Amino acid sequence: MALQGPEELLEDPEDLDEDASISPAEEMTLTAGPGAEDEPQEAAVLLPWDRFSAWLHCICVVGFDLELGQAVEVIYPHHSKLSEKEKTSICYLSFPDSNSGCLGDTQFCFRFRQGSNRKSSLGCFLENADRDAPPCLKREQGHYYGYVYFRQVRDKTLKRGYFQKSLVLISKLPYVTFFHSLLKILAPEYFEKQEPCLEAACNDIDRWPTPHPGRVGPCNDIDRWPTPHPGRVLTLPIMGVVIKVRIPTCYDKPGTSQLVQSSQSDSSVSMVLPTIHEVDLFRCFYPVFFHIQMLWELVLLGEALVVMAPSPAESSDTVLALVSCISPLRYSSDFRPYFTIHDSEFKEYTTRTQAPPSVILGVTNPFFAKTLQHWPHIIRIGDMKQAGEMAKQMKVKKLKNLKTLDSKPGVYTAYKPYLNKDEEIIKQLQKGVNQKRPSAAQNAILRRYFLELTQSFIIPLERYVASLMPLQKSISPWKSPPQLRPFIQQDFMKTLEKAGPQLTSRTKGDWIGLYRHFLKSPNFDGWFRSRRREMMQKLEALHLEALCEEDLQQRIEKHTEVEAVDLVLKLKEKLTQAEKEQLPVRPGTVSKLRSHIDAVILALPEDLQGILHKPDTP
């Protein structure tokens, strides 16, 4: 039998049996990620400012100029690149609207489009970290987050009568709780000591492996931090304060938090953060919590939503709470925690010539009450004060009742939920308010409710998609890996009768209608693309493992040198793919394949050995 050539790799796989198929969730073998590597090995390949870039793109100071308006005054580190469009976005998004009346210190966040693609020398580390991160914590590809600490205080020495300035952290990471905590340390120090403080902070973040007692000052601190690998417990010094955090992984059990334990050796730790990204769901949803189940549906289906709030802090927190309520499912549409009339997408998102896009906007300007009145779903929230008395607005209001931003808090929509309202969760939360249950406990109850609802919805999809995986016995080392079977909506719907959400959820209603709507949404598209990519990589990994089990030297003995060279080239291509895509192969598979390649090459004439041993050109 002749060794098959490249054209035979395109051959269709044989008909598959209907026995058991490979479940990606059960069969995937986990390899040690970069988080398991020693810090010295990582440091050997990192360039200056690489660690800083793993956490932040830059730090900006935005001030108010009487002639120019808002302007970026300082960017650290100085070599950081921002386009003029990005600077303009940062300027307008870093200050509250004038009607917000934010006196004192205010913290909030925004999200804006990245102007151009920028490659980082830390690319391989970032890809590896993303591989192990939960869906909701993966690095943003086309957007930046801006984390803001805004200060406005009276100052008679200034012409305007007020000191107004924002310190802004620009990052690809959605670590909202972590960066807000970091700003509480950085910003007051900066407002007191100005620029030297920032320069020191950046250098520290870029060298953050271990605490450095006695060192004061932050860009220097950030420059010493280790890269944010999921699963690591990190001790991060910044301006004399030491923060201890853990980056979650996709292998953590949903709904559980791997609490960072304090030990006797932690005497230098000043702050332990229980979470890096979670917002207080109960506080955010309290003004409209009678409608939490309907809001979950709207977010799940990728409906156009606008949150009208009195301040950027309440706006951004509510939008982030909405996006996180379908966790562990990743929200795949656009969302803007704080959106202004100066945003570059303002015309795109407010036009009446077409249906509103799949996006969640958080706004504070009263102008939006008129501009976005045609949007199908509007959430109006009041001041987020500590839950004292129960919210009284229980009915969903008609959109025509929304005339100004002064309208009463509530949900304005004509949407009819697919699922029946779960009265139990409402009663449980009401009881907690009446009994003055701690806010953290209320938040945990609500987060568990959303998690169980989302899991009940997504498990039937996971089960059906796993059945699309070919049988392991259909994988031949000398044929192209078999293809996944296609997702057929009708076939999936048939599975719901016996294996639908009713097995895990007490909620009744039109689950079938909800699935039909979901299958047309951006969230399904994003979820299925991700699952399909994981399963294709699993098939490639199994194919690679099958190749490693073959006796390649015995196979080439009966073939020509040309066929042997062709085999080496194909194996090298598979090896490159395995390393580049970090395929989920069993430990030792890649090294075993490399040994096979070397053995085949050594069996060839010396002139061919010299050619084949040369490193591949990029």
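Parameters and conventions
Residues numbered from 1 in each chain as written. Predicted model: local features only at pLDDT ≥ 70, side-chain atom pairs only at ≥ 80, totals over all residues. Heavy atoms only, no water. UniProt positions renumbered as here; feature names shortened; annotations may be inferred. Pairing = 2+ DSSP bridges. Helix = DSSP H or I, 4+ residues; strand = E, 2+ residues; numbered from the N terminus. Axes fitted to C-alpha atoms, helices over the stretch in contact; angles between N-to-C directions. Contact = heavy atoms within 4.5 Å. Buried < 20%, exposed > 50% of the residue type's maximum accessible area, 1.4 Å probe, protein only.

As recorded in an unreviewed UniProt entry, the protein goes by the name UDENN domain-containing protein, listed as coming from Knipowitschia caucasica. UniProt lists a comment for the protein under the heading Sequence similarities (unreviewed entry), and it reads "Belongs to the DENND6 family."

**Here we look at the sheet that holds strand 9 (residues 305-308)**
Taken together, 5 strands build an open sheet; the order of strands is 10-11-9-12-13 and the sheet is mixed. One side of each edge strand has no neighbouring strand; the edge strands of this open sheet are strand 10 (334-336) and strand 13 (410-413). When the angles between neighbouring strand axes are averaged without regard to direction, this sheet yields 15 degrees. The strands touched by helix 9 (residues 292-300) within the sheet are strand 9, strand 11 (359-363), strand 12 (377-380) and strand 13, with strand 13 carrying the most contacts at an inclination of about 50 degrees. Lying on the sheet, helix 10 (residues 312-324) is in contact with strand 9, strand 10, strand 11 and strand 12; it crosses strand 11 at an angle near 160 degrees.

**Considering unusual backbone geometry**
Here the bond from Tyr-76 into Pro-77 is cis, since omega is -10 degrees, no more than 30 degrees from zero. With respect to the helices and strands, Pro-77 occurs in the loop between strand 2 (69-76) and helix 4 (84-93). In the segment running from Ser-327 into Pro-328, the intervening peptide bond is cis, with an omega of 15 degrees. When you line up the elements, Pro-328 lands in the loop between helix 10 and strand 10. Even without being a glycine, Met-239 presents a positive backbone phi close to 50 degrees. Here Met-239 is to be found in the loop between strand 6 (233-238) and strand 7 (241-246). Judged by relative accessible area, Met-239 falls into the buried class, the value being 10%. The backbone of Lys-436 shows a phi angle near 55 degrees, a positive value even though the residue is not glycine.

**What about the sheet that holds strand 5 (residues 162-171)?**
Strand pairs in the sheet, formed through backbone hydrogen bonds, run parallel or antiparallel to each other. Pairing in this open sheet of 5 strands is antiparallel, and the strands run 2-1-5-4-3 from one edge to the other. Looking along the sheet, the strands with just one partner apiece sit at the ends: strand 2 and strand 3 (104-113). Across this sheet, the average inter-strand angle for adjacent strands is 25 degrees, counted without regard to direction. Two strands pair when backbone bridges link them, and strand 4 (residues 143-154) and strand 5 are joined in this way by 10 bridges, in the antiparallel orientation. Looking at the pairing, Val-148 lines up with Val-168 of strand 5.

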